[in-house]
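Chain by chain, the residues run as shown.
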Amino acid sequence: MDRLTLRLPADLVHRFDAAAAGRGGRSRFLRRLMEEASQAPLPELVAATPAGRTGKLTLRLAEADLALLEAEAAVLGLSRTQWSVALIRRRLHRRPQLTPPEAFAFIAVQRELRRIGVNINQIARAMNTAVLEGTVLDLEMAQLAAFDTEIRAHLTGLRGAFEGNLAYWSDGT
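Below: a short report on this structure. (Residues numbered from 1 in each chain as written. Predicted model: local features only at pLDDT ≥ 70, side-chain atom pairs only at ≥ 80, totals over all residues. Heavy atoms only, no water.)

Right, let's get into the overall build of the chain. When helices and strands are counted, the chain shows six helices and zero strands. Listing each helix as α and each strand as β along the chain from the N terminus yields α-α-α-α-α-α. Within the chain, buried positions represent 13% of all 173 residues. When contacts within the chain are restricted to residue pairs at least 6 apart in sequence, long-range pairs at least 24 apart make up 53% of them. (Helix = DSSP H or I, 4+ residues; strand = E, 2+ residues; numbered from the N terminus. Buried < 20%, exposed > 50% of the residue type's maximum accessible area, 1.4 Å probe, protein only. Contact = heavy atoms within 4.5 Å.)

As structure tokens, this is what we get:
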């Protein structure tokens, strides 16, 4: 059986309870009102749920737990809902969950690596031309070595960031 949850002002609830008291109680009276309002039999339930449908999860936490959750989420710049969803998705999908600042940082690293890749491509073309002419371009070789070092540093940083992100969501540290 499905359930409806309503938030109502206290005075409306008291008036409804008074009206429902002689009519079988709150639930029975509300069902009768809904059936009368619809004036039609209930449709058959469809067994399959549509793709992409989301569900709602409600948690009840003690005040102390809720305060800790809000503090932990604030450290990452997330709301408590965003933090909880990230934790659940991390456990379910085994993938990093990026906060907005982390996502922007990863995008910046990706742009830098693309920039370096374009530069390497230009150097490779120049070296191919130079090799054809029988000369070695020391400047291009030095730039390639520098790019190699820079790429390795970015990749090491990315690896560390991913490992730190996975560790955070895995064990709460």
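A word on the nonpolar core. By size, the foremost hydrophobic cluster in this structure holds seven residues: L69, A73, L78, W83, A86, Y168 and W169. Mapped by element, the contributors of at least two residues to this core are α3 (63-75), α4 (80-93) and α6 (138-171). (Core = buried A, V, L, I, M, F, W, Y, C linked by side-chain atoms within 4.5 Å.)

Before going further, it helps to spend a moment on a positive patch on the surface. The grouping of R23, R28, R31 and R32 at the surface amounts to a positive patch. Take R32: it is sitting in helix α2 (residues 26-38). (Patch = residues over 30% accessible without salt bridge, like charges linked within 9 Å, V, L, I, M, F, W, Y side chains within 5 Å. Areas by Shrake-Rupley, 256 points an atom, 1.4 Å probe, with all protein chains shown as cover. Salt bridge = Lys/Arg side-chain N within 4 Å of Asp/Glu carboxyl O. Lys, Arg positive; Asp, Glu negative; His and termini not counted. Charge placed at Lys NZ, Arg CZ, Asp CG, Glu CD.)

Position of R90 among the secondary structure elements: in helix α4. If sequence neighbours within four positions are ignored, R90 has contacts with R95, Q97, L166, W169 and S170.

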